[in-house]
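# Architecture and fold: a report
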Amino acid sequence: GIGQARQAGYLLEQVEADLPTQVMGDVIVLRAELSNLDNNPHKSRELSQQALQILPEDDVILRALMQHNLARLLFFYDGETTQAIDLLTESVTIYEQVGYYDLWAISMDLLVSVRYRHGSLLEAEALCRYSMAMCQHINRPDLSCTFYSQLGKVLYERNRLSEAEQIVRRGRQLSQTH
């Protein structure tokens, strides 16, 4: 639970200084995630920023994870969209390049949400359509359901009501079969 996450984070913090540099980034990533579990967004943001400074450039998966986490925190807690979009775009690109499609879909879904809430409806629509095509290309229709829902919301906002209804209906049918 939350108490265990807090205790684990504290223990990791105590041993962090004695760790070799190549392991320290991994420990900071773990501490950032534990801070999320402990419902401490400020600590998680600080640790995510620290991890991005320490992690080697070639540690792309952990960097993408921290970019996603930092973007989420900046957007939801600070209302910061520009930096969140940049971080999520990098995260999405990395996950797509290495084929981590579940994490790609999570980051892409957040990127669509940030674009939508920022009022960038054309960009949000383009991202949804790209994501739906990507899910079809990689044969992962289970990942595409969220993008049907997101696209329906965008189309509704753009007053394309009948198209929005069709998209949402297709997404619902898809979700029932996967």
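## With respect to helix α3 (residues 41–54)
With 14 residues, α3 extends 20 Å between its outermost C-alpha atoms, agreeing within 8% with the 20 Å of an ideal straight helix rising 1.5 Å per residue. Taken together, the buried positions of α3 are occupied by Pro41, Ser44, Arg45, Leu47, Ser48, Ala51 and Leu52.

## Focus: helix α6 (residues 101–117)
Compared with an ideal rise of 1.5 Å per residue, which puts 17 residues at 24 Å, α6 spans 24 Å between its outermost C-alpha atoms and is within 8% of the ideal. Its buried side turned inward, α6 meets α4 (60–78), α5 (82–98), α7 (121–137) and α8 (141–157). Looking one or two residues beyond α6, the residue adopting positive phi is glycine 119, at roughly 90°.

## Considerations on the packing of α5 against α6
The axes of two packed helices give the description: the angle between them and the distance between them. Look at α5 against α6: their axes get within 8 Å of each other, and the N-to-C directions meet at 155°. By the angle between their directions, the pair α5 and α6 is classed as roughly antiparallel. Crossing of α5 over α6 shows left-handed handedness. The residues of α6 that touch α5, namely those facing Ile85, Leu88, Thr89, Ser91, Val92, Tyr95 and Glu96, are Tyr101, Leu103, Trp104, Ser107, Met108, Leu110, Leu111, Val114 and Arg115. Among the residues making up the contact of α5 with α6, the classes are represented as 11 nonpolar, 3 polar and 2 charged.

## Re unusual backbone geometry
Backbone geometry follows two general trends: most residues other than glycine have a negative phi, and most peptide bonds adopt the trans configuration. Despite not being glycine, asparagine 39 has its phi angle at roughly 55°, a positive value. Structurally, asparagine 39 can be placed in the loop between α2 (21–37) and α3. Positive phi outside glycine occurs at asparagine 139, with the angle close to 60°. Mapped onto the secondary structure, asparagine 139 falls in the loop between α7 and α8. Accessibility expressed as a relative area gives 63% for asparagine 139, which makes it exposed.

About the thresholds
- Residues numbered from 1 in each chain as written.
- Predicted model: local features only at pLDDT ≥ 70, side-chain atom pairs only at ≥ 80, totals over all residues.
- Heavy atoms only, no water.
- Helix = DSSP H or I, 4+ residues; strand = E, 2+ residues; numbered from the N terminus.
- Expected span 1.5 Å × (residues − 1).
- Buried < 20%, exposed > 50% of the residue type's maximum accessible area, 1.4 Å probe, protein only.
- Contact = heavy atoms within 4.5 Å.
- Axes fitted to C-alpha atoms, helices over the stretch in contact; angles between N-to-C directions.
- Parallel < 35°, antiparallel > 145°, perpendicular 65-115°, else oblique.
- Left-handed = near helix turned anticlockwise from the far one by under 90°.
- Nonpolar A, V, L, I, M, F, W, Y, C, P; charged D, E, K, R; others polar.

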